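Results of the structural survey
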Amino acid sequence: MNTGTFRRSLAVAGAFAALTVATTSFAGAPSADAPTVSVRYDDLNLTTSAGVNALYHRISVAARQVCPDVFSRDLGVVAAGERCQANAVAHAVSDLNNPQLAQVHAAHVSHG
């Protein structure tokens, strides 16, 4: 893999919560001011399961960084944070358009 010529990264974006008196809502798509984290994968070989699994882990970690904390006593905040993370991962996987990564994601989603 030639990492000197080309650096690959993926921006994972999350939506910030808009808290009101009794509800929590998230934008359907990340806005321009949504937090983003770049996920580098130029060091990974995405033709191997090890490389794809490592990238999926990195994407998942990035989603946790950009989404609200799911460790809250407010179940609405917890649910919104979990949805944010799931959406951020799904969008990142979709943006990469890598069939092996899509399979890893589908396996994680089906197993919870």
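On a predicted model such as this, the values are computed, not experimentally measured, just so you know.

Let's shift gears to the overall build of the protein chain. Within the protein chain, the regular secondary structure consists of three helices and four strands. Mapped from its N terminus to its C terminus, the protein chain presents α and β elements in the order β-β-β-β-α-α-α. For the protein chain, restricting intrachain contacts to residue pairs at least 6 apart in sequence, the fraction spanning at least 24 positions comes to 59%. Taken as a whole, the protein chain presents about 7100 Å² of accessible surface, with 55% of it coming from carbon and sulfur.

In terms of nonpolar packing, the biggest core is built from 20 residues, with Leu55, Ile59 and Leu101 touching the most fellow members. Secondary-structure elements contributing two or more residues to this core are helix 1 (49-66), helix 2 (75-96) and helix 3 (99-111). A per-element tally of this core places helix 1 first, with seven residues. Apart from residues lying up to four places away in sequence, Leu101 is in contact with Val52, Leu55, Tyr56, Ile59, Val93 and Leu96.

End to end, helix 1 covers 26 Å across 18 residues, agreeing with the expected 26 Å (1.5 Å per residue, within 8%). Among the residues of helix 1, those classed as buried are Gly51, Val52, Leu55, Tyr56, Ile59, Ser60, Ala62, Ala63 and Val66.

Moving on to the confidence of the model for the protein chain. For the protein chain, per-residue confidence averages 76 on the pLDDT scale, and residues scoring 70 or more make up 70% of the total. Summarising per-element confidence for the protein chain, the mean pLDDT is lowest in strand 2 (residues 18-19) (27) and highest in helix 3 (94). Low confidence marks residues 1-6, where pLDDT is under 50. Its contacts with residues over four positions away, or in another chain, come to six contacts.

Criteria and cut-off values
- Residues numbered from 1 in each chain as written.
- Predicted model: local features only at pLDDT ≥ 70, side-chain atom pairs only at ≥ 80, totals over all residues.
- Heavy atoms only, no water.
- Helix = DSSP H or I, 4+ residues; strand = E, 2+ residues; numbered from the N terminus.
- Contact = heavy atoms within 4.5 Å.
- Areas by Shrake-Rupley, 256 points an atom, 1.4 Å probe, with all protein chains shown as cover.
- Core = buried A, V, L, I, M, F, W, Y, C linked by side-chain atoms within 4.5 Å.
- Buried < 20%, exposed > 50% of the residue type's maximum accessible area, 1.4 Å probe, protein only.
- Expected span 1.5 Å × (residues − 1).
- pLDDT = per-residue confidence, 0-100.

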